[in-house]
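Inside the fold
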Amino acid sequence: MKAVKVVKFVKEKRTKLYHLIILLTAVYPLLYIWQGLDFTDTGFSLTNYLWVFDDPRSIETSSRIWLTNILGGLWVHFFGDSLGVAGYRMAGAILAYAAIFMTYRALRFQVKKEYLFPGLFFAMVFIGRSGFMLNYNTLTAFFYVWSAYYLLTGLNNGKQHYLFISGAVLGLNMFIRLPNILGLMLGVCILFHGYQDRAGISQPGRRISLFLAGYGAAVLAVLTAMLFLGHLDSYLASFGETLVMLGENEGHHGTGRLTAALLDIYKISFLKAAALAGYFGILSAVLKLVDKLNIKLNNKLNSTSNSTLSSKYVHYGVITLAGLLPLVVYEDFYRNWYGMVGVVSALLFLGLALNLVRFRKLSGMTADGVISGRAGSSAALAALIILLIVPAGSADGYVTSVYGMYLAIPLAVQGIAEFNYRWGLSTEHYSYTIKLGFVLLLVLTLAAGYRYTYRDSSYRLSMAYPVGHQKLQGVLTTRERAQVVTELLEIMPEYVKEGDYLLAYEQIPLVYFLTGTRPYLYGSWPMLYSPGKFQKMLDRALAERPELPVIVRARGSTEKFDWPHSKTLRDGYYLEGSRKLMNEFIAAQNYRRAWENSFFEILTPPGK
């Protein structure tokens, strides 16, 4: 009877802990969405959403992310004026909640609750470190998790129509971001599941057919919607431009740069995984040595007194020191996001591989209702595929790989914690090592999130100043940034009105959304063009839009975290070439400087 009460007490305590973790997961995105003012990616997204329905030609070069623009356009249509930039971040938080919920639904029968709920919280904190936004990265993450839920449920519960839905979600995902066409690789999970079932050829063949049919139906439905909305020509043109862009090695998204970024991820992940394995080996050897020294010391103490040193606590002290030592050597590790993502990626690859091995040795259902065997193997394989393919097509490497980690994190935590081989450590010491490592990573990630605001100050207390503009209500930034932006937005109505064409450059696409103006060069971020494309867009605009636009430009790069203090322009071959073309255009068309402050300037054509 007493044992039953103890079990009941433990279960109640765990349930309360799980509820606390769920509450923290829900609250975390709401802590930081009010701070930081980014003029680059936020502006790029919001300008696309603003004009996708009313003037898609003005954002034609962004048509390759058509579904992202459509979904964002619906949000801006209903909330753009009332919620503005803060609303964009609220939408990102809602999307993160949806991704966490779908991850829970996909893994609730594959991952024990003691790993699932902490893993989901860590996923929210780690993936959300760069901020909560409604863009093609966060939508990609959600669509992959959404598809994986239907795929795994269809395979494990025999719901064949779920495989059709899974394929359809992946078909839609291709229009969120073109490289997501690689999502078709998730079909390997169907073949793998069939192999584990020893089902022959016919059953996996039918399932693959349903999966591909869903994919094809979704692609056909999207193309039909594009045709109906009059967007198909722009999308096809953008698709062709993508192929051209891939061939421009000097461009921002040339094939060479993209391939190098992807290979760098795999290389560093492998090296860090090897380093971690070596670290465990060294730790095991040190603990064995400590054991020998402890025995000798206790023998000596016993000869002089009745006290002894507990081997357990000595081991815990050594493990704690081993965990903290790298942080002492590299105390600002939490600021090196590239390094942190590299370590976590290595752990995820390792954990998923261990999961694949572990689940192959198990079958049936565990005591706490977790399915093992082929269901867990399929989930681990799906998470591994997503982790591998999400960074493809991005020039930012590790930074974007986090959007493939929703499924991987809870599975990897369980894979590492439950694996039988202990690297020479006892079960008790191994468990303590894993818990300590998880807590350290969580603390470091929380510290990184606190010190990092996307393209704004690393000092949160300094971001306490609002900008006097309706679409920036609820957004706080530094005093200097708020001042120069307020000055610009107050003067802009004297030069342009909503619906006018504007040419804003040097990384300031947010100006279009805030002023309600349309991009003159068929895209809100022309500095991403190669010089050849920049000239092509200039020539085309001059031919199609005879009235010259007002120009707004920044004196420094808004990609730097300390603007307007920093007034250094971003360098690069393709940027220098486009900058030269703009200077020639300004001189040829006799523009004059009409207004300026310490960071922005407005140029007007003759007679404007």
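Before any of the text, the structure's been laid out above.
Computed from a predicted model, the values in this text were never measured in an experiment. (Residues numbered from 1 in each chain as written. Predicted model: local features only at pLDDT ≥ 70, side-chain atom pairs only at ≥ 80, totals over all residues. Heavy atoms only, no water.)

**Overview of the environment of Lys 159**
Short version of the rule: Strands are runs of DSSP state E lasting at least 2 residues, helices are runs of H or I lasting at least 4, and numbering of each runs from the N terminus. Working definition: with a 1.4 Å probe on protein chains only, accessible area under 20% of the residue-type maximum means buried, over 50% means exposed, and in between means partly exposed. Any two residues having at least one pair of non-hydrogen atoms within 4.5 Å are treated as being in contact.
Residue placement: Lys 159 occurs in the loop between helix 5 (136-157) and helix 6 (160-176). Using a relative accessible area of 34% as the deciding quantity, one classes Lys 159 as partly exposed. When near neighbours in sequence (up to four residues on either side) are disregarded, Lys 159 contacts Thr 153 and Gly 154.

**Describing a nonpolar patch on the surface**
Going by this rule: Nonpolar side chains (Val, Leu, Ile, Met, Phe, Trp, Tyr) within 5 Å and like charges within 9 Å form the patches, drawn only from residues with over 30% relative accessible area and no salt bridge. A 1.4 Å probe and the Shrake-Rupley method give the accessible areas. Residues count as covered only by the protein chains that appear here. A pairing counts as a salt bridge when a side-chain nitrogen of Lys or Arg comes within 4 Å of a carboxyl oxygen of Asp or Glu.
On the surface, Phe 53, Leu 71, Leu 74, Phe 78, Phe 79, Phe 228 and Leu 229 cluster together into a nonpolar patch covering about 710 Å² of accessible area. Structurally, Leu 74 can be placed in helix 3 (residues 66-107).

**Thoughts on the environment of Pro 118**
Relative to the assigned elements, Pro 118 resides in helix 4 (residues 113-127). Ignoring anything within four residues of it in the chain, the contact list for Pro 118 reads Ile 21, Lys 113 and Phe 438.

**Notes on the packing of helix 2 (residues 41-51) against helix 3**
The line we're drawing: As a rule, the C-alpha atoms of each element are fitted with a line to give its axis, helices using only the stretch in contact, and angles between N-to-C directions run from 0 to 180 degrees. Each angle receives one of four descriptions, namely roughly parallel if under 35 degrees, roughly antiparallel if over 145, roughly perpendicular if within 65 to 115, and oblique otherwise. Helix crossings are classified by the rotation of the near helix relative to the far one: an anticlockwise turn of less than a right angle makes the crossing left-handed, while a clockwise turn makes it right-handed. Each residue is assigned to one class: nonpolar for Ala, Val, Leu, Ile, Met, Phe, Trp, Tyr, Cys and Pro, charged for Asp, Glu, Lys and Arg, and polar for all the others, Gly among them.
It is the contact of helix 2 with helix 3, at a shortest axis distance of 7 Å, that shows an interaxial angle of 115°. Between helix 2 and helix 3, the crossing angle belongs to the class labelled roughly perpendicular. In terms of crossing hand, the pair formed by helix 2 and helix 3 is left-handed. Here Asp 41, Thr 42, Ser 45, Leu 46, Asn 48, Tyr 49 and Leu 50 of helix 2 come into contact with helix 3, specifically with Thr 68, Asn 69, Gly 72, Gly 73, Val 76, Val 85 and Tyr 88. For the contact of helix 2 with helix 3, a count of residues per class yields 6 nonpolar, 7 polar and 1 charged.

**Quick look at the nonpolar core**
Put simply, the rule reads: Joining through side-chain atoms within 4.5 Å is the link that ties buried Ala, Val, Leu, Ile, Met, Phe, Trp, Tyr and Cys residues into a set, and such a set is a nonpolar core.
Counting 143 residues, the largest nonpolar core has Phe 39, Leu 186, Met 405, Val 485 and Phe 600 as the members making the most contacts within it. At 17 residues, the largest contribution of residues to this core is made by helix 3. Setting aside its immediate chain neighbours within four residues, Val 485 contacts Leu 37, Phe 39, Val 467, Leu 472, Trp 563 and Phe 600. Counting 24 residues, the second-largest nonpolar core is a separate cluster that includes Leu 521, Leu 575, Leu 581 and Tyr 591.

**Thoughts on unusual backbone geometry**
For the peptide bond that leads from Trp 563 to Pro 564, omega is 10°, which places it in the cis range. In this structure, Pro 564 sits in the loop between strand 5 (550-554) and helix 20 (573-588). Phi is positive for Gln 507, close to 65°, though the residue is something other than glycine. Along the polypeptide, Gln 507 turns up in the loop between strand 3 (501-505) and helix 18 (510-515). A relative accessible area of 2% means that Gln 507 is categorised as buried. Unlike most non-glycine residues, Asn 590 shows phi in positive territory, near 60°. Within the secondary structure, Asn 590 sits in the loop between helix 20 and strand 6 (592-596). The class for Asn 590 is exposed, based on a relative accessible area of 53%.

**With respect to the pattern of salt bridges**
Here the structure, examined in full by the defined rule, presents 19 salt bridges. Linking Glu 544 and Arg 57 is a salt bridge whose minimum nitrogen-to-oxygen distance equals 2.7 Å. Of the two residues, Glu 544 sits in helix 19 (residues 531-544) while Arg 57 sits in the loop between helix 2 and helix 3, which places them 487 residues apart along the sequence. We note a salt bridge from Arg 555 to Glu 601, for which the minimum N-O separation is 3.5 Å. A residue pair is termed long-range when its members are at least 10 positions apart, and Arg 555 in the loop between strand 5 and helix 20 and Glu 601 in strand 7 (residues 600-604) qualify at 46 residues. Each of Arg 553, Arg 555, Arg 593, Glu 596 and Glu 601 takes part in a single network of salt bridges with overlapping partners.

**Some details on the pairing of strand 3**
Two faces belong to every sheet, and in a regular strand the side chains alternate between them. To keep things clear, this is the line we draw: Throughout, right-handed denotes a crossover for which the path from the first strand over the helix to the second runs clockwise when the strands point away from the viewer. Pairing between strands requires that DSSP locate at least two bridges from one strand to the other.
Strand 3 sits mainly inside the fold: 4 of its 5 residues count as buried. In this region the chain leaves strand 3, passes through helix 18 and returns to the parallel neighbour strand 4 (residues 518-519); the handedness of that crossover is right-handed. Where strand 3 lies against strand 5, 4 bridges are found, and the strand directions are parallel. Each bridged residue has a counterpart across the sheet, and for Leu 502 the counterpart in strand 5 is Val 550.

**Things to note about the sheet that holds strand 4**
Hydrogen bonding along the main chain pairs the strands of a sheet, whether they run parallel or antiparallel. Taken in spatial order, the 5 strands make up an open sheet running 4-3-5-7-6, and their pairing is mixed. Of all the strands in the sheet, just strand 4 and strand 6 have a single pairing partner and so form its edges. With 4 bridges joining them, strand 5 and strand 7 adopt antiparallel strand pairing. Bridge pairing links Ile 551 to Leu 603 in strand 7. Relative to strand 7, helix 17 (residues 479-491) is tilted by about 20°, and along the sheet it contacts strand 5, strand 6 and strand 7.

**A word on the pairing of strand 6**
Two elements, strand 6 and strand 7, share 4 bridges in a ladder whose sense is antiparallel. Bridge pairing in strand 7 links Arg 592 to Thr 604. The turn linking strand 6 back onto strand 7 is made up of 3 residues.

That's the geometry; what it means functionally is another story.
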